[in-house]
Amino acid sequence: MDKNIEIKTKRLMLRPVRTGDEKAIHEYAGDKEITMMLWLPNETFEQTVDFVKKSEIEWNSPNQTFFDFVIIYDGKIIGGCDCDIENPDDRYSASLGWVISKKYRRQGFASEAASAILDFAFTKIGMKKVYAQCDCNNAASFGVMKKIGMKCVNDKGKRTYPKTGKISGEYTCLITKDEWEKLSH
């Protein structure tokens, strides 16, 4: 995949994570209120640096399965989103995730970015299905999933947070390429 790809929406630009993004990524990823976002490097700045290095390596891989993007608004990184291929052998389905800096929440940025990444998943990397999951108490993320056309396919999931041992419910939502195409036209 082209590591220089830029996805533009009405208000945002999404591009691959790259060296130089560490400080901005750590600013939102280091927020202790979002420790539920397990894919984020949220403990130390060194973890964030390592995350950026791994993301760059993945963007340079001919068999790329993880697509990590930063979300840019008005020239500033305000969050991140990713699309991860579930099974590299069949490349049929992917998972979608996002996070927005606390200062930029409740403005529609997550929905706008997630919608753009859905389009990327279906049109650029050929996925047939895209899933997203969230804690059952995360009404904002569940709202994003519904807003971008996903449907809840499992509201009985469970997740355990390793750092706290807390067990919570989990929602899994899904959208297929056919459903996305109907919504997009």
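Residues numbered from 1 in each chain as written. Predicted model: local features only at pLDDT ≥ 70, side-chain atom pairs only at ≥ 80, totals over all residues. Heavy atoms only, no water.

## Here's the deal with the overall build of the chain
Here is step 1 of the chain: Scanning the chain for helices and strands turns up five helices and eight strands.
Here is step 2 of the chain: Starting at the N terminus and walking to the C terminus, you meet the elements of the chain as β-β-α-α-β-β-β-α-β-α-β-β-α.
Here is step 3 of the chain: Expected size for 185 residues packed as a compact globule is a radius of gyration near 16 Å; at 16 Å, the chain falls within 12% of this value.
Here is step 4 of the chain: Looking at the chain as a whole, 49% of its 185 residues are labelled buried.
Here is step 5 of the chain: Total accessible area computed for the chain in this model is approximately 9,900 Å², and 50% of it derives from carbon and sulfur atoms.
Here is step 6 of the chain: Seen as two clouds, the 29 positive and the 27 negative side-chain charges of the chain have centres 5 Å apart. (Helix = DSSP H or I, 4+ residues; strand = E, 2+ residues; numbered from the N terminus. Rg over C-alpha atoms; globule rule 2.2 N^0.38 Å. Buried < 20%, exposed > 50% of the residue type's maximum accessible area, 1.4 Å probe, protein only. Areas by Shrake-Rupley, 256 points an atom, 1.4 Å probe, with all protein chains shown as cover. Lys, Arg positive; Asp, Glu negative; His and termini not counted. Charge placed at Lys NZ, Arg CZ, Asp CG, Glu CD.)

## As for the sheet that holds strand β4 (residues 76-85)
Within a sheet, neighbouring strands are paired by backbone hydrogen bonds and run either parallel or antiparallel to one another.
Here is step 1 of the chain: Spatially, the eight strands line up as an open sheet ordered β1-β2-β3-β4-β5-β6-β8-β7, and their pairing is mixed. Whereas interior strands pair on both sides, the edge strands pair on one side only; in this sheet they are β1 (7-8) and β7 (151-160).
Here is step 2 of the chain: Bridge count between strand β3 (residues 66-73) and β4: eight bridges; the pairing is antiparallel. Note on β4: the bridge partner recorded for Y73 is K76.
Here is step 3 of the chain: Strand contacts of helix α5 (residues 177-184): β7 and β8 (167-176), with the helix running at about 70 degrees to β8, the strand carrying the most contacts. (Pairing = 2+ DSSP bridges. Contact = heavy atoms within 4.5 Å. Axes fitted to C-alpha atoms, helices over the stretch in contact; angles between N-to-C directions.)

## Description of helix α4 (residues 139-147)
Here is step 1 of the chain: Buried residues of α4: S141, F142, V144 and M145, and no others. The arc that holds the buried residues of α4, viewed along the axis, is 155 degrees, so those residues lie on one side. Facing away from the buried side of α4, by more than 90 degrees, are the exposed residues A139, K146 and K147.
Here is step 2 of the chain: Contact partners of the buried residues in α4: β5 (93-100), α3 (109-123), β6 (129-135), β7 and β8. (Arc of directions from axis to C-beta.)

## Considering the environment of E56
Here is step 1 of the chain: Note that E56 resides in helix α2 (residues 45-59).
Here is step 2 of the chain: On the basis of relative accessible area, E56 is assigned to the partly exposed category, the value being 25%.
Here is step 3 of the chain: Separated by 47 residues in sequence, E56 and K103 place their C-alpha atoms 27 Å apart.
Here is step 4 of the chain: Excluding anything up to four places from it in sequence, E56 contacts V17, R18 and T19.

## Concerning the side chain of N138
Here is step 1 of the chain: Here N138 shows up in the loop between β6 and α4.
Here is step 2 of the chain: Only 3.0 Å separates the side chain of N138 from the backbone nitrogen of S141, close enough to count as a polar contact. (Polar contact = N/O pair within 3.5 Å; in protein donor to acceptor, adjacent residues only side chain to side chain.)

## Focus: the packing of aromatic side chains
Given two aromatic rings, their pairing is described by the distance between the two centres and the angle made by the two planes.
Here is step 1 of the chain: Per the counting criterion, the structure on display carries nine aromatic pairs.
Here is step 2 of the chain: Ring plane angle 70 degrees and centroid distance 5.4 Å describe the contact between F67 and F120, whose orientation is recorded as edge-to-face. Highlighted residues: F67 in strand β3 and F120 in helix α3, separated in sequence by 53 residues.
Here is step 3 of the chain: The buried category is assigned to F120, whose relative accessible area is 2%.
Here is step 4 of the chain: An aromatic cluster of at least three residues, connected via ring pairs, comprises W59, F67, F69 and F120. (Phe/Tyr/Trp six-rings, centres within 6.5 Å; stacked < 30°, edge-to-face > 60°.)

## Let's talk about the nonpolar core
Here is step 1 of the chain: Residues L14, F69, L96, W98 and V130 are the most contacted members of the largest nonpolar core, which totals 41 residues.
Here is step 2 of the chain: Sorting the residues of this core by element identifies β2 (12-16), β3, β4, β5, α3, β6, α4 and β8 as the ones contributing at least two each.
Here is step 3 of the chain: Ranked by residue count, the leading element in this core is α3, at 10 residues.
Here is step 4 of the chain: If we ignore the near neighbours within four places in the chain, the residues touching V130 are A94, L96, L118, A121, F122, M150, C173, L174 and I175.
Here is step 5 of the chain: Ranked by size, the runner-up nonpolar core spans 11 residues in total, among them I25, Y28, I77 and V99. (Core = buried A, V, L, I, M, F, W, Y, C linked by side-chain atoms within 4.5 Å.)

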